[in-house]
Amino acid sequence: MTSKNTSTRLLLALWDLGGVQQEVKKGQLTKRIVSKSQKVADYQGIFEELQKQGAIAISKKGYSLTSGKGLEVLGEGLRSGDFKFEETTVSAWVANALVKWISQIDIAVVGADVPVNGKSALAELSKGIASYDEFKSVALEVYDKLNQNYNLDDLVPIYRIRREIGDRVSREDFNTWLLEIQEKDILQLQGGSIEDSAPDKIEDSITTKVSGLRCYAKRLNF
């Protein structure tokens, strides 16, 4: 496959493994994309280029897909007229991931080339959140999406909400506005333990002076 096709396939695998909501371990990702005739080192340049574009984030343990730029690059790659598979047989995970993309991805991402008031839908999707009301609307939409897609039993990890919204809001505003949502009895922020106790997931939760670490959000009014 060409370099561009390889990048798209890599991003598709990362997205399918939940890379927007959580960090995917390096071995888990490379197991999908690196064939028997290849080496992980063959993908080093692809990883570096995607990181440079802001499409993915790389840590010592794994990779994550950015909810804004990463989805944009993936969507553009899948819609490209040059995108194709050169293998005789396409892996099952690829076919299943494509079906999942078509059925689940936000209309705003899939229809990124459709103008909305003179701007593309992706531009609208990735613009910054400037007010509490706008944040509340986005946060509750993300909560419902994560709760439904991942069967979280109404307890959605705060770090997932933060990462889904991404850089559309600053960390300080995210904390302030999420606590304001709690004050208005829309969401209840709860304690508990994070799976695998990952420091980065704990950091992306919320810590208050009064209640301490809050890791989950539960919606109170439906």
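As shown above, the structure is provided for reference.
Residues numbered from 1 in each chain as written. Predicted model: local features only at pLDDT ≥ 70, side-chain atom pairs only at ≥ 80, totals over all residues. Heavy atoms only, no water.

(A) Here's a closer look at the pattern of salt bridges. Overall, the coordinates contain 7 salt bridges when judged by the stated rule. We note a salt bridge from E164 to K145, for which the minimum N-O separation is 3.0 Å. Of this pair, E164 sits in helix 9 (residues 158-165) while K145 sits in helix 8 (residues 132-149), placing them 19 residues apart in sequence. The class of E164 is buried, set by a relative accessible area of 11%. Overall, K145 belongs to the partly exposed group, its relative accessible area being 23%. R171 is paired through a salt bridge with D204; the nearest N and O atoms lie 2.8 Å apart. Of the two residues, R171 is situated in helix 10 (residues 171-183) and D204 in the loop between helix 11 (199-203) and strand 8 (206-208); the sequence distance between them amounts to 33 residues. (Salt bridge = Lys/Arg side-chain N within 4 Å of Asp/Glu carboxyl O. Helix = DSSP H or I, 4+ residues; strand = E, 2+ residues; numbered from the N terminus. Buried < 20%, exposed > 50% of the residue type's maximum accessible area, 1.4 Å probe, protein only.)

(B) Here's a closer look at the sheet that holds strand 7 (residues 187-190). In spatial order, the strands read 6-10-7; together these 3 strands make up an open sheet with antiparallel pairing. The strands lining the two open edges of the sheet, one partner per strand, are strand 6 (156-157) and strand 7. Here strand 7 runs beside strand 10 (residues 216-219); their pairing, made up of 4 bridges, is antiparallel. Each residue of the ladder has a partner; that of L187, found in strand 10, is R219. (Pairing = 2+ DSSP bridges.)

(C) Layout of the layout of surface pockets. Roughly 340 Å³ of volume is contained in the second largest pocket. In terms of lining, the second largest pocket is formed by 15 residues, of which the most central are E23, K61, D196, A198 and K201. For the lining of the second largest pocket, the elements supplying multiple residues, two or more each, are strand 1 (24-25) and helix 11. Across the lining of the second largest pocket, the residue classes tally to 4 nonpolar, 4 polar and 7 charged. (1 Å grid on protein atoms, 1.4 Å probe; cavity = no way out; pocket = protein on both sides within 12 Å on 5 of 7 lines; lining within 4 Å. Points joined across faces, edges and corners; volume = space filled by probe spheres on them. Nonpolar A, V, L, I, M, F, W, Y, C, P; charged D, E, K, R; others polar.)

(D) Seen up close, the environment of N96. Here N96 lies in helix 5 (residues 92-104). Take N96: its relative accessible area is 53%, and that puts it in the exposed class. For the pair formed by N96 and D16, sequence separation is 80 residues and the distance between their alpha carbons is 8.9 Å.

(E) Representation of helix 9 within the structure. Here helix 9 lies mainly inside the structure; 8 of its 8 residues are buried. Among the residues making up helix 9, those that are buried are I158, Y159, R160, I161, R162, R163, E164 and I165. Directly after helix 9, the chain includes G166, whose backbone phi takes a positive value near 65°.

(F) Broad picture of the packing of helix 9 against helix 10. Axis separation between helix 9 and helix 10 bottoms out at 12 Å; the angle between their running directions is 130°. Classified by the angle between their axes, helix 9 and helix 10 sit oblique to one another. The hand of the helix 9/helix 10 crossing is right-handed. Contacts between helix 9 and helix 10 involve I158, I161, R162 and I165 on the former and, on the latter, R171, F174, N175 and L178. For the contact of helix 9 with helix 10, the residue count by class is 5 nonpolar, 1 polar and 2 charged. (Axes fitted to C-alpha atoms, helices over the stretch in contact; angles between N-to-C directions. Parallel < 35°, antiparallel > 145°, perpendicular 65-115°, else oblique. Left-handed = near helix turned anticlockwise from the far one by under 90°. Contact = heavy atoms within 4.5 Å.)

(G) Highlighting the environment of S170. Considering the arrangement of structural elements, one finds S170 in the loop between helix 9 and helix 10. Between the C-alpha atom of S170 and that of G128, which follows or precedes it by 42 residues, the distance is 8.9 Å. A polar contact of 3.1 Å, which involves the side chain of S170, links it to the backbone nitrogen of D173. (Polar contact = N/O pair within 3.5 Å; in protein donor to acceptor, adjacent residues only side chain to side chain.)

(H) The arrangement of the side chain of R162 in detail. Here R162 lies in helix 9. One buried charged residue, R162, forms no salt bridge at all, with the nearest opposite charge on D204 at 4.1 Å. One polar contact links R162 to N175, side chain to side chain, over a distance of 2.7 Å. (Lys, Arg positive; Asp, Glu negative; His and termini not counted.)

These results come straight from atomic positions and should not be treated as a statement about function.
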